[in-house]
Amino acid sequence: MGSGAAGGSGGTVAVVHECFDVSISDHVAHLQLSRPDAYNSMIPSFWSELPRIVGEIDAAGSARAIVISSTGKHFCAGMDLSVFSGGGGLAGSPGVSEEGRRRAHLWNLVQHLQDSFTALETARMPVLAAIQGGCIGGAVDMVTAADMRYCSADAFFCVQEINIGMTADVGTLQRLPKIIPEGVARELAYTGDRMPAQRAYECGLVNQVFEDHESLVDGTLEIAARIASKSPLAIWGTKEMVNYTRDHSVADSLRYMAGWQAGMFQPGDMMEEFGAKADKRPAEFEPIPPRPQI
């Protein structure tokens, strides 16, 4: 089992997680998949732990970037078979036999799984994925919801769902064609072939390929630290705008930007940046406010 803290920089309270180790240092939250012997497959608890951890980090507002990495030979083997069976899983809801209600249960369940990854998009700070070895099935759904992806030279990506007779349903088909050329995304989704690290880099799926797992994690954490050194309010606004622009026209996006800037653009962080550069010191910024808890 993993443990960690998904809170602020004050007193650290250990929280036990089944699928993750969590730490926060210098405004960077690090989530590590922690079931290497099972290739970090996504068991039922994964789908509640991930959004809860990310949600707590986001709500606190003290971290300025999130890194998701993994342990062992493979980043993640995708959805564990246990999600497809057992009470409340894809097999059905306990005590529900009428077919319409069984279908309604499945409709709700798929959206619950989708929301687990959408949490990465809605977090106010960037999420960086560091991928070694296999990134398979549901793992592709997860990393395509991240802001950026980095991988080691041995990494590969596979839309595994088509190989087991199903349509990918947790985000890959919605996000991947907006990250890489549509024809390449379709080929991966139709064939279930593996995309190696270098090809992923050439297509723009990953930003950088590192030599090995250790340099991958170190390098991704270093990039996250550079992001964390910037104004967290400006970073939040930047992520908000990039995500909005992806799904809207230029005209709508410009109008949204104007509205955001009218409320969020204040001179405090700019003056701190200018002062820090003049004094040759790191800039210090007030955290973004915690999300309201009512």
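Residues numbered from 1 in each chain as written. Predicted model: local features only at pLDDT ≥ 70, side-chain atom pairs only at ≥ 80, totals over all residues. Heavy atoms only, no water.

**Quick look at the overall build of the protein**
When helices and strands are counted, the protein shows 10 helices and 11 strands. Dimensions of the protein along its principal axes, counting C-alpha atoms only, are 65 × 45 × 45 Å. Evaluated residue by residue, the protein yields a buried proportion of 46% over its 294 residues. For the protein, the proportion of contacts with a sequence separation of at least 24, taken over those separated by at least 6, is 65%. Of the roughly 14700 Å² of accessible surface on the protein, a fraction of 56% belongs to carbon and sulfur atoms. Averaging the positions of the 23 positive and the 35 negative side-chain charges in the protein gives two centres separated by 4 Å. (Helix = DSSP H or I, 4+ residues; strand = E, 2+ residues; numbered from the N terminus. Buried < 20%, exposed > 50% of the residue type's maximum accessible area, 1.4 Å probe, protein only. Contact = heavy atoms within 4.5 Å. Areas by Shrake-Rupley, 256 points an atom, 1.4 Å probe, with all protein chains shown as cover. Lys, Arg positive; Asp, Glu negative; His and termini not counted. Charge placed at Lys NZ, Arg CZ, Asp CG, Glu CD.)

**A word on the packing of aromatic side chains**
A full pass over the atoms with the stated rule returns six aromatic pairs. Plain terms: the ring middles of W236 and W260 are 5.6 Å apart, the flat faces sit at 80 degrees to each other, and that makes the pair edge-to-face. Of this pair, W236 sits in helix 8 (residues 232-246) while W260 sits in helix 9 (residues 250-264); the two residues are 24 residues apart in sequence, bridging distant segments of the chain. A single burial state applies to W236 and to W260, both of which are buried. An aromatic cluster is built from F20, F46, W47 and F117, whose rings are joined through pairwise contacts. Its end group placed over the ring of W236, R124 keeps NZ or CZ at 5.1 Å from the ring centre. Just above the ring of F156 sits the side chain of R194; from NZ or CZ to the centre is 4.0 Å. (Phe/Tyr/Trp six-rings, centres within 6.5 Å; stacked < 30°, edge-to-face > 60°. Lys NZ or Arg CZ within 6 Å of the ring centre and 35° of its normal.)

**Let's talk about the side chain of E161**
Checked against the element boundaries, E161 lands in the loop between strand 9 (156-158) and helix 4 (172-175). This buried residue, E161, is left without a salt bridge; R175 holds the nearest opposite charge, at 11 Å. (Salt bridge = Lys/Arg side-chain N within 4 Å of Asp/Glu carboxyl O.)

**Observations regarding a nonpolar patch on the surface**
Among the surface-exposed residues, F265, M270, M271 and F274 lie close enough to one another that they form a single nonpolar patch of about 440 Å² accessible area. As for its position among the elements, M270 is in helix 10 (residues 268-279). Exposure remark for M270: the relative accessible area of 37% places this residue in the partly exposed category. (Patch = residues over 30% accessible without salt bridge, like charges linked within 9 Å, V, L, I, M, F, W, Y side chains within 5 Å.)

**Describing the side chain of S253**
By the secondary structure assignment, S253 is in helix 9. Overall, S253 belongs to the buried group, its relative accessible area being 7%. Only 3.4 Å separates the side chain of S253 from the side chain of T245, close enough to count as a polar contact. When residues no more than four places from it in sequence are discounted, the contact partners of S253 are Y244, T245 and H248. (Polar contact = N/O pair within 3.5 Å; in protein donor to acceptor, adjacent residues only side chain to side chain.)

**Focus on the pairing of strand 4 (residues 28-33)**
It is a general feature of regular strands that their side chains alternate between the two faces of the sheet. Of all six residues in strand 4, five are buried; the element is thus mostly enclosed. Counted between consecutive antiparallel strands, the loop separating strand 3 (residues 20-25) from strand 4 contains two residues, among which D26 sits at a positive phi close to 50 degrees. With helix 1 (residues 46-60) bridging strand 4 and its parallel neighbour strand 5 (residues 65-69), the resulting β-α-β unit is right-handed. (Pairing = 2+ DSSP bridges. Right-handed = clockwise from strand over helix to strand, strands pointing away.)

**Quick look at the confidence of the model for the protein**
Of the residues in the protein, 91% have a pLDDT of 70 or more, and the chain-wide mean is 92. Counting interchain partners and residues more than four positions distant, the pLDDT-below-50 stretch residues 7-13 has eight contacts. (pLDDT = per-residue confidence, 0-100.)

**With respect to the nonpolar core**
Of all hydrophobic cores here, the largest spans 57 residues; its most connected members are L31, F46, L50 and F75. In terms of residues, this core owes the most to one element, helix 1, which gives six residues. With near-sequence residues (within four places) excluded, L31 lies in contact with F20, D21, V22, L50, I53, V54, I57, I66, V67, I68 and S69. Judged by nonpolar contacts, the second largest core, of 14 residues, contains V28, M148, A224 and I235. (Core = buried A, V, L, I, M, F, W, Y, C linked by side-chain atoms within 4.5 Å.)

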